[in-house]
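# Structural characterization, general
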Amino acid sequence: MKKTIALIALTGLLFISCKKEETAAPVTATSEIPATADGYTTHKSENIDLIKKCNSCWENGNVVEYKAYYADDAIFHDNGKQTTLAENISNNGNFQKMGIKPTMKYDEIWESIDNKANKKGVKNYVLAYCTNTWTKGTKTLEAVVFQIDAIKDGKIVEEWNVYDSAKLMELVNSK
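Along each chain, numbering runs from 1 in the same order as the chain's sequence is written. With the structure being a predicted model, the display of local features is reserved for residues of pLDDT at least 70 and the display and counting of side-chain atom pairs for 80 or more, all residues being used for whole-chain, interface and lining totals. Only hydrogens and water are set aside; all other atoms, that is, all heavy atoms of the structure, feed into the side-chain values.

### Re the overall build of the protein chain
Helix and strand counts for the protein chain stand at 5 helices and 7 strands. For the protein chain, the N- to C-terminal ordering of α and β elements is α-β-α-α-β-β-α-β-β-β-β-α. Burial analysis of the protein chain (175 residues in total) assigns 35% to the buried set. Across the protein chain, contacts joining residues at least 24 apart in sequence account for 56% of those joining residues at least 6 apart. Summed over all atoms, the accessible surface of the protein chain reaches about 11800 Å², with 57% contributed by carbon and sulfur. Put simply, DSSP H or I for four residues or longer makes a helix, DSSP E for two residues or longer makes a strand, and each gets a number counted from the N terminus. Relative accessibility thresholds used throughout: buried, under 20% of the residue-type maximum; exposed, over 50%; partly exposed, between the two (1.4 Å probe, protein chains only). The contact rule is simple, with two residues in contact once any of their heavy atoms fall within 4.5 Å. Areas reported as accessible are Shrake-Rupley estimates using a 1.4 Å probe. Residue values count occlusion only from the protein chains shown.

### Let's talk about helix α5 (residues 165–173)
Every buried residue of α5 is accounted for by L168, L171 and V172. Along the long axis of α5, the arc covered by the buried residues comes to 105 degrees, so they all point the same way. Exposed residues pointing more than 90 degrees away from the buried face of α5 are listed as E170 and N173. Those residues of α5 that are buried lie in contact with α4 (85–97), β4 (100–114), β5 (124–136) and β6 (139–152). Polar contacts, as used here, are pairs of N or O atoms within 3.5 Å; protein pairs need one atom able to donate a hydrogen and one able to accept it. Residues neighboring in sequence count only if both atoms are side-chain atoms. For α5, the capping residue at the N-terminal end is D164, with a side-chain oxygen 3.1 Å from the backbone nitrogen of A166. Within this analysis, the arc is defined by the directions that extend from the helix axis to the C-beta atoms.

### So, the pattern of salt bridges
Take a side-chain nitrogen of Lys or Arg and a carboxyl oxygen of Asp or Glu: if they are within 4 Å of each other, that pair is a salt bridge. Throughout the structure, instances matching the rule amount to 2 salt bridges. Note that D107 is salt-bridged to K105, the shortest N-O span being 2.8 Å. Judged by its relative accessible area of 36%, D107 falls in the partly exposed class. In this structure, the salt-bridge partner of E158 is K120, at a minimum N-O distance of 3.0 Å. Here the residue E158 occupies a position in strand β7 (residues 155–162), and K120 occupies one in the loop between β4 and β5, the gap between them amounting to 38 residues. Given the relative accessible area of 10%, E158 is considered buried.

### Describing the state of the cysteines
Two cysteine sulfurs form a disulfide in these notes if their separation is within 2.5 Å. Inspection of every chain in the model, using the stated rule, returns 0 disulfides. In this structure C54 is not part of a disulfide, and its nearest cysteine sulfur, from C57, lies 6.6 Å away. The class for C54 is buried, based on a relative accessible area of 1%.

### Here's the deal with the sheet that holds β6
With mixed pairing, the 7 strands of this open sheet are ordered in space as β1-β4-β5-β6-β7-β2-β3. Only two strands of the sheet have a single neighbouring strand rather than two, namely β1 (39–42) and β3 (81–84). Shown here is a sheet whose adjacent strand axes are inclined to one another by a mean of 25 degrees, direction ignored. In the sheet, β6 pairs with β7 via 7 bridges, with the strands oriented antiparallel. Of the residues in β7, the one forming a bridge with F146 is V162. Strands β1, β2 (70–78), β4, β5, β6 and β7 of the sheet are contacted by helix α2 (residues 46–60), whose axis makes an angle of about 165 degrees with β4. In this scheme, strands are said to pair when DSSP sees at least two bridges between them. Only the contacting stretch of a helix is used when fitting its axis, a line to C-alpha atoms as for every element, and angles between N-to-C directions run 0 to 180 degrees.

All we've got here are geometric facts, nothing functional implied.
Given below as structure tokens:
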């Protein structure tokens, strides 16, 4: 009888020790973000998809659709040089006329969503590290690009691109 009681007790202890520990549920809604947090990041969102579609239009030279992703008064900062949407489209057109074909591979892309909008009303930023490849004839160059897009009401209102422009100028000037 003592052996039976000991066996039951031992079996009970084994079941108790194998109980799965519960973990905290992941944060899924803005209301669950701690009050001390400034915001949160995500790797999947409509805004990330928007940027990927926009960049795909840039790669394919689809100016009409590319332009539709931006606010009419969008501002670009290309290595610190500020341009307008019209100037950006013109620059891209010039590369096409020179026979320069861009392609883009995302190394990392995510969205940062702030709890409070900035002075321009922006809360959403998509950030991406990309490897861009520019091809002109048989010449090809790769450059790492850091791109940030400020998004408001489903449109890109401001964009920053940082990359080694010297490499691109070598390709532009090549024959």
